[in-house]
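One letter stands for each residue in the lines below.
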Amino acid sequence: QNPKDFFLDPKEIYPLRHFEADYFCPLMPLEKYDVWIEVTKISDSSFQLQYSVGNLEQPLVQLRSTHVAVDKKSFQKISIPQNLKVNLEKFANPQ
């Protein structure tokens, strides 16, 4: 199943719970930068993504976001559906 399908008509949503950034040097306006995204943590009801901007070996910026699975109607925390967990694991690089 295509991971994009989870976001077309979801029963659950994945709002941002936490976000942090470490800047190692300034980013210049109008420059283009490469961004790598990795899944660094998967738990029962949340997952963490890490974004490396610039260069994987020596990034200019590292960003981390934590998303929690919630029921779209009740907004109560739920377990991440197994089929999404399997897709997230394909991109996992635990820290």
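Refer to the preceding data block for the structure.
Below is a summary of the structure that appears in this document. Just so you know, these numbers come straight off a predicted model, no measurement behind them. (Residues numbered from 1 in each chain as written. Predicted model: local features only at pLDDT ≥ 70, side-chain atom pairs only at ≥ 80, totals over all residues. Heavy atoms only, no water.)

1. Considering the sheet that holds strand 2 (residues 16-23)
The sheet built from four strands is open, its strands ordered 2-5-4-3 with antiparallel pairing. The open sheet has two edge strands with one neighbour each: strand 2 and strand 3 (35-42). Taken over all neighbouring pairs, the strand axes of this sheet differ in orientation by 15 degrees on average, direction set aside. Relative to strand 5 (residues 61-68), strand 2 runs antiparallel, the two sharing seven bridges. Along strand 5, the bridge assignment pairs L16 with H67. (Pairing = 2+ DSSP bridges. Helix = DSSP H or I, 4+ residues; strand = E, 2+ residues; numbered from the N terminus. Axes fitted to C-alpha atoms, helices over the stretch in contact; angles between N-to-C directions.)

2. Focus on the nonpolar core
Core analysis: the biggest nonpolar cluster contains twelve residues, these being Y14, V39, F47, L49, Y51, V53, V61, L63, A69, I80, L84 and L88. Looking at this core, the elements that each hand over two or more residues are strand 4 (46-53), strand 5 and helix 1 (82-90). Per-element accounting of this core gives the leading share, four residues, to strand 4. Contact partners of A69, with chain neighbours within four places excluded, come to I13, Y14, S45, Q76, K77, I78, S79 and I80. (Core = buried A, V, L, I, M, F, W, Y, C linked by side-chain atoms within 4.5 Å. Buried < 20%, exposed > 50% of the residue type's maximum accessible area, 1.4 Å probe, protein only. Contact = heavy atoms within 4.5 Å.)

3. Brief notes about the pairing of strand 3
For a regular strand, side-chain orientation follows a simple rule: the groups alternate between the two sheet faces. Looking at chain direction, strand 3 and strand 4 are connected through seven bridges and run antiparallel. Bridge pairing in strand 4 places V39 opposite L49. In this antiparallel pair of consecutive strands, strand 3 and strand 4, the connection spans three residues.

4. Considerations on helix 1
Burial in helix 1 covers these residues: L84, K85, N87 and L88. When helix 1 is viewed along its axis, its buried side chains cluster within an angular range of 165 degrees and face the same direction. The exposed set on the far side of helix 1, more than 90 degrees from its buried face, consists of Q82 and K90. Structurally, helix 1 contributes buried residues whose contacts are with strand 3 and strand 4. (Arc of directions from axis to C-beta.)

5. Some words on the packing of aromatic side chains
Overall, the coordinates contain one aromatic pair when judged by the stated rule. Judged by centre distance (5.9 Å) and plane angle (55 degrees), the rings of Y14 and F47 are tilted. One end of the pair, Y14, is in the loop between strand 1 (12-13) and strand 2; the other, F47, is in strand 4, and 33 residues separate them in sequence. Residue classification places Y14 among the buried positions, given a relative accessible area of 12%. (Phe/Tyr/Trp six-rings, centres within 6.5 Å; stacked < 30°, edge-to-face > 60°.)

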